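# Descriptive structure summary
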Amino acid sequence: MTQHLSGGPVLVVTKELDPAADLVIDELTIRHVPVMRFDMGDFPLTVSLSVEHAAAPWAGVLADEYRSVRLEEVRAVYYRRPRLPAVSERLEEPHRSWANEPALAGLLGTLYALPGRGSTDPRWTAWPPTSRDSSR
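Residues numbered from 1 in each chain as written. Predicted model: local features only at pLDDT ≥ 70, side-chain atom pairs only at ≥ 80, totals over all residues. Heavy atoms only, no water.

### Focus: the overall build of the protein chain
What counts, and what does not: Numbered from the N terminus, helices here are DSSP runs of H or I no shorter than four residues, and strands are runs of E no shorter than two. For each residue, the accessible area found with a 1.4 Å probe, counting protein chains only, is set against the maximum for its type, and the residue is called buried under 20%, exposed over 50%, and partly exposed in between. Computed with a 1.4 Å probe, the accessible areas rest on the Shrake-Rupley method; for each residue, only the protein chains presented here act as cover.
Within the protein chain, the secondary structure is distributed over 2 helices and 8 strands. Of the regular secondary structure in the protein chain, the N- to C-terminal order runs β-β-α-β-β-β-β-β-α-β. Each of the 136 residues in the protein chain was classed as buried or not, and the buried ones make up 40%. Roughly 8,000 Å² of accessible area belongs to the protein chain as shown, and the carbon and sulfur atoms make up 55% of that amount.

### Comments concerning the nonpolar core
Stated precisely, the cut-off is as follows: The nonpolar core is taken to be a set of buried Ala, Val, Leu, Ile, Met, Phe, Trp, Tyr and Cys residues, with the residues joined through side-chain atoms within 4.5 Å. Any pair of residues with heavy atoms lying within 4.5 Å of one another is described as a contacting pair.
Leu11, Val13, Phe38, Met40, Leu62, Val77 and Leu111 are the most contacted members of the largest nonpolar core, which has 19 residues in total. Mapped onto this core, the elements with two or more residues apiece are strand 2 (10-14), strand 3 (35-38), strand 7 (76-80) and helix 2 (95-112). When residues of this core are assigned to their parent elements, the largest contribution, 4 residues, is made by helix 2. Other than its neighbours up to four places away in sequence, Val13 contacts Phe38, Met40, Val77, Tyr78, Tyr79, Arg80, Pro82 and Leu111. Counting residues in hydrophobic clusters, the runner-up holds 9 residues, among them Val12, Ile25, Leu28 and Val35.

### Topic: helix 2
Turn by turn, an α-helix covers 3.6 residues, leaving residues three or four places apart pointing in a common direction. The following threshold applies: Here the expected span of a helix is defined as 1.5 Å times the quantity of residues minus one. Arc definition: it is the arc formed by the directions from the helix axis to the C-beta atoms.
An ideal rise of 1.5 Å per residue puts 26 Å on 18 residues; helix 2 measures up with 26 Å between its terminal C-alpha atoms. By the burial criterion, the buried members of helix 2 are Arg96, Ala99, Asn100, Ala103, Leu107, Leu108, Thr110 and Leu111. Axial view of helix 2: buried residues confined to an arc of 155°, hence all on one face. Away from its buried face by more than 90 degrees, helix 2 exposes Trp98, Glu101 and Ala105.

### Concerning the pairing of strand 7
Under the convention used in this document: The pairing criterion is simple: DSSP has to find at least two bridges between the two strands.
Strand 7 sits mainly inside the fold: 5 of its 5 residues count as buried. Pairing analysis gives 5 bridges linking strand 2 to strand 7, with the strands arranged parallel. When the bridges of strand 7 are listed, Val10 appears paired with Ala76. With 2 bridges connecting them, strand 7 and strand 8 (residues 124-125) associate as parallel partners. Bridge pairing in strand 8 links Val77 to Trp124.

### Digging into the sheet that holds strand 7
Sheet architecture is open: 4 strands sit in the order 3-2-7-8, paired in parallel fashion. Each end of this open sheet is capped by a strand with a single partner; those strands are strand 3 and strand 8.

### Description of helix 1 (residues 19-30)
Rules: Whenever a nitrogen or oxygen atom comes within 3.5 Å of another N or O atom, the pair is scored as a polar contact, on the condition that within protein one atom can donate a hydrogen and the other can accept it, and that pairs from neighbouring residues in sequence are kept only if both atoms are in side chains.
In a regular helix each residue adds 1.5 Å, so 12 residues correspond to 16 Å; helix 1 covers 17 Å between its end C-alpha atoms and thus fits that length. Listing the buried residues of helix 1 in full gives Ala21, Ile25 and Leu28. All buried residues of helix 1 project into a common sector of 60° when viewed along the axis, lining one side. Seen from the buried face of helix 1, the exposed residues on the opposite side, beyond 90 degrees, are Pro19, Leu23 and Ile30. Looking at the buried side of helix 1, the elements it contacts are strand 2, strand 3 and strand 7. Its side-chain oxygen at 3.1 Å from the backbone nitrogen of Ala20, Asp18 defines the N-terminal cap of helix 1. After helix 1 finishes, the residue His32 shows a positive phi value of roughly 60°.

Following this line, the structure appears as structure tokens:
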């Protein structure tokens, strides 16, 4: 069963094994801040995204098998070295490479569209377009 995180969750976008992100999550947990950690490499296979733009801002749900968050409730994004989205290995080339590109564009485009985005905005840590460290 998926647990819905409310109350201004923080998205932690990172790879599965990231000790620095673990420390951030530990501190947020101590402060009773809901956290959803996910790796973009799990999208779209085990992480799902449902978005609509009927009126500003964007609305939708990001979910994995354990948690879900409403995008309009996200208070901050901690972005640090996630893998790139990957569609099923069963999809043959060149179709797999082609499908990976819109998966990346759709996911990052949605995250970028969250209110308060930007390199100087406190809602983002390591804004991907301007931070080389966030993608290593």
